[in-house]
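Results of the structural survey
Chain by chain, the residues run as shown.
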Amino acid sequence: MEKSFYKSPKPGFVMKQLWKACGADSYVLERSTYTDHVKYACLGGIVFATGFMAAMAGGYAFYVIFGPTGEGAADIPTDYTAVLISTIFGCIWGLIIFNIDRFIVASTGKGDGTEAITFDEIKAAIPRIMMGIIIAFTISKPMELKMFSTEIGVELKSRQLDKEEEFIKQVNNKYNPR
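Because the structure is a prediction, the values reported are computed rather than measured. Along each chain, residues carry numbers from 1 onward, in the same order as the chain's sequence is written. Reporting in this predicted model follows two pLDDT cut-offs: at least 70 for local features of residues, and 80 or more for side-chain atom pairs to be given and counted; totals over whole chains, interfaces and linings ignore these cut-offs and use all residues. Values reported for side chains reflect all heavy atoms of the structure, with hydrogen atoms and water molecules removed beforehand.

Turning next to the packing of helix 4 (residues 80-107) against helix 5 (residues 119-147). Where helix 4 meets helix 5, the axes come as close as 10 Å, and the angle between the chain directions of the two elements is 160 degrees. Here helix 4 lies roughly antiparallel to helix 5, going by the angle between them. In this structure, the crossing between helix 4 and helix 5 has a hand that is left-handed. Facing Trp93, Ile97, Ile100, Asp101, Ile104 and Val105 of helix 4, the residues of helix 5 in contact are Pro127, Arg128, Met131, Ile134, Ile135 and Thr138. Broken down by class, the residue content of the contact of helix 4 with helix 5 amounts to 9 nonpolar, 1 polar and 2 charged. Simply put, an axis is a line fit to the C-alpha atoms, just over the touching stretch for a helix, and the angle between two N-to-C directions goes from 0 to 180 degrees. Secondary structure counts use DSSP, requiring at least four H or I residues in a row for a helix and at least two E residues in a row for a strand, with both numbered from the N terminus. Here the angle decides the label: under 35 degrees means roughly parallel, over 145 means roughly antiparallel, 65 to 115 means roughly perpendicular, and every other value means oblique. Note on convention: near helix rotated counterclockwise from far helix by under a right angle means a left-handed crossing. Clockwise means right-handed. Whether two residues touch is decided by their heavy atoms; if any such pair falls within 4.5 Å, the residues are in contact. Each residue is assigned to one class: nonpolar for Ala, Val, Leu, Ile, Met, Phe, Trp, Tyr, Cys and Pro, charged for Asp, Glu, Lys and Arg, and polar for all the others, Gly among them.

Pasting the structure below:
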């Protein structure tokens, strides 16, 4: 926007990419105020961060689930095949979430202009809320399994020993009287 008293700064490459991430029209934004430049760059940053976090969570979840397992973490050598596959899966998952989020943000209309949150605004936010829940599960479940892997292993070993003793007693009861 050019006026005799104000000239908008020229947007850089990163700002234009963030505008694209939120689905904004760069032609219109280049002619608007700097406040709009920053607002849509921040919205694009949120969309990008959502995709990035989804990529990290998806890759980590895939590695925890399908990576090497064992008693101690120090004893397990790094499985580079699992790391590579997890990285590829994480990138694909992040791109899927990025594109879904970009579509949702770009297709969401403006509010009604009031500060009160209306039912229509909540209804428009439901897809993003659902996507947030999905991303939260992809982050929390693998982390939970990793954090409690020692306790899970101890409990599993204890139950296996109890079952083994039970089977030994059954075999002894069956064959000892003979």
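Relative to each other, helix 3 (residues 34-66) and helix 4 sit at 150 degrees, their axes nearing to 7 Å. It follows from the interaxial angle that helix 3 and helix 4 lie roughly antiparallel. At the point where helix 3 passes helix 4, the crossing takes the right-handed sense. Within the contact of helix 3 with helix 4, the residues separate by chemical class into 16 nonpolar, 7 polar and 2 charged.

A side-chain nitrogen of Lys or Arg and a carboxyl oxygen of Asp or Glu constitute a salt bridge if their distance falls within 4 Å. Inspection of the entire model under this criterion finds 4 salt bridges. Here Glu30 ties to Arg31 by a salt bridge, and the two come within 3.8 Å at their closest N and O atoms. Remark: exposure states derive from per-residue accessible area (1.4 Å probe, protein chains only) relative to the maximum for the residue type, with buried under 20%, exposed over 50%, and partly exposed in between. Residue classification places Arg31 among the partly exposed residues on the basis of a relative accessible area of 45%. One salt bridge connects Lys39 with Asp36, and the closest N-O pair in it is separated by 4.0 Å. Separated by 3 residues within a single helix, Lys39 and Asp36 lie in helix 3, roughly one turn from each other. The exposure class of Lys39 is partly exposed, given its relative accessible area of 46%. Here the salt bridges share partners, and the residues they tie into one network are Lys16, Glu30 and Arg31.

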